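Spelled out from the first residue to the last, the chains are:
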Amino acid sequence: MNIVFTGFMGVGKTTVGRQVAKKLGLEFYDTDSEIENFCNMTIPEIFEKFGEKKFREIETQIVEKISQKDGVVISCGGGVVKSETNMNLLKKNGKIVNLYADVDKILKNIGTDVNRPLLKGKDKQEIIDIMAEREKFYQNCDIRIDVTNLSKEDAAQAVINKVKI
Ligand code: S3P
């Protein structure tokens with residue numbers, strides 16, 4: 001069984017996922033990093049050169065590959081949940097954890113990071129709208145944890161407490 005992290009951009013999936021993997025002595029994978037390695041390009045470059053549709057195709061190929069592993073921690077890009085194919089692949093062999101936080105925490109975490117093409121030039125209200133659009137997908141996850149007021153360390157412990165594998 002894998003532990004799969006989902007959640008909105010900037011919520012802390014990669015940092016918390018890494019800590020959970022470390023604490024449990026499991027291997028860690030990050031779909032965005034796998035995509036970047038596969039394409040030998042950064043996420044913004046992939047969006048710019050190929051567009052979002054192609055990015056999503058590559059993302060599904062990567063999900064297909066990583067979901068075959070067993071007993072690993074997988075941190076997914078925030079949009080992985082939008083594809084039923086992705087979620088069916090990940091659910092077969094994984095507990096799906098959703099981390100969520102309020103918009104102010106997300107904005108604080110994102111700071112001046114320019115590596116998220118979908119948030120480029122977006123104001124707070126536009127980000128709230130994207131979060132609302134995503135909510136129905138995140139509601140389908142097995143475990144949901146509000147990390148608004150949790151440190152990364154406490155969030156990792158909360159995940160471990162809830163995921164019994
Ligand atoms: C995306 C989230 C990003 C990355 C891409 C698209 C999304 O990952 O996959 O920019 O659609 O939410 P993070 O959630 O790790 O920022």
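Position numbers for residues start from 1 in each chain and track the written sequence from start to end. Whole-chain, interface and lining totals are the exception, using all residues; otherwise, since this is a predicted model, local features are given only for residues with pLDDT of at least 70 and side-chain atom pairs are given and counted only at 80 or more. Computation of side-chain values: all heavy atoms of the structure, hydrogens and water removed.

K.L.:
Would you mind going over the site of the ligand with me for this structure?
P.N.:
Residue proximity to a molecule or strand is established when one non-hydrogen atom of the residue lies within 4 Å of it. Near the ligand you find 15 residues, and of these Lys13, Asp32, Arg56, Arg116 and Arg134 are the closest. At 2.6 Å, a side-chain N or O of Lys13 approaches an oxygen atom of the ligand. For the purposes of these results, a polar contact is taken to be a pair of N or O atoms within 3.5 Å, where, inside protein, one atom must be able to donate a hydrogen and its partner to accept one; residues adjacent in sequence count only when each atom of the pair is a side-chain atom. Between Gly79 and the ligand, the recorded distance is 3.2 Å, taken from a backbone N or O atom to an oxygen atom. The Shrake-Rupley method, run with a 1.4 Å probe, gives the accessible areas here. Residue values count only the displayed protein chains as cover. A total of 380 Å² of accessible area belongs to the ligand in isolation, and the protein chains cover 96% of it. At five residues, helix 3 (residues 43-66) tops the list of elements feeding residues into the shell around the ligand. Looking at the shell around the ligand residue by residue, the classes come out as six nonpolar, three polar and six charged. In this text, helices come from DSSP runs of H or I with a minimum length of four residues, and strands from runs of E with a minimum of two, each type numbered from the N-terminal end. Residues are sorted three ways: Asp, Glu, Lys and Arg are charged, Ala, Val, Leu, Ile, Met, Phe, Trp, Tyr, Cys and Pro are nonpolar, and all the rest, Gly among them, are polar.

K.L.:
What is the right way to look at the pattern of salt bridges in this model?
P.N.:
When a carboxyl oxygen of Asp or Glu is within 4 Å of a side-chain nitrogen of Lys or Arg, the pair counts as a salt bridge. Overall, the coordinates contain nine salt bridges when judged by the stated rule. The partner of Glu59 in a salt bridge is Arg56, and the shortest N-O contact between them spans 2.9 Å. Taken together, the residues Glu59 and Arg56, both in helix 3 and three residues apart, mark about one turn of the helix. Residue Glu59 shares its accessibility class with Arg56, and that shared class is buried. For Asp113, the salt bridge goes to Arg116, with nearest N and O atoms at 3.2 Å. Of the residues examined, Asp113 reaches a relative accessible area of 35% and is grouped as partly exposed. Partly exposed describes any residue whose relative accessible area lies between the buried limit of under 20% and the exposed limit of over 50%, with all areas from a 1.4 Å probe on protein chains only and scaled to the type maximum. Classification of Arg116 by relative accessible area gives partly exposed; the value is 27%. Connected through salt bridges with shared partners, the residues Glu52, Arg56, Glu59 and Lys82 form a single ionic network.

K.L.:
When you look at the pairing of strand 1 (residues 2-7) in this model, what are you seeing that I'm missing?
P.N.:
Regular strands have side chains that alternate between both faces of the sheet. Among the six residues that make up strand 1, six are buried, leaving the element largely enclosed by the rest of the structure. Residues of strand 1 alternate between two faces, with Asn2, Val4 and Thr6 on one and Ile3, Phe5 and Gly7 on the opposite face, all of them buried. Between any two strands, at least two bridges found by DSSP are needed for them to pair. With six bridges joining them, strand 1 and strand 4 (residues 94-100) adopt parallel strand pairing. Along strand 4, the bridge assignment pairs Val4 with Ile96. When strand 1 meets strand 3 (residues 72-75), the two strands line up parallel, connected through three bridges. Within strand 3, the position partnered with Ile3 by the bridge is Val73.

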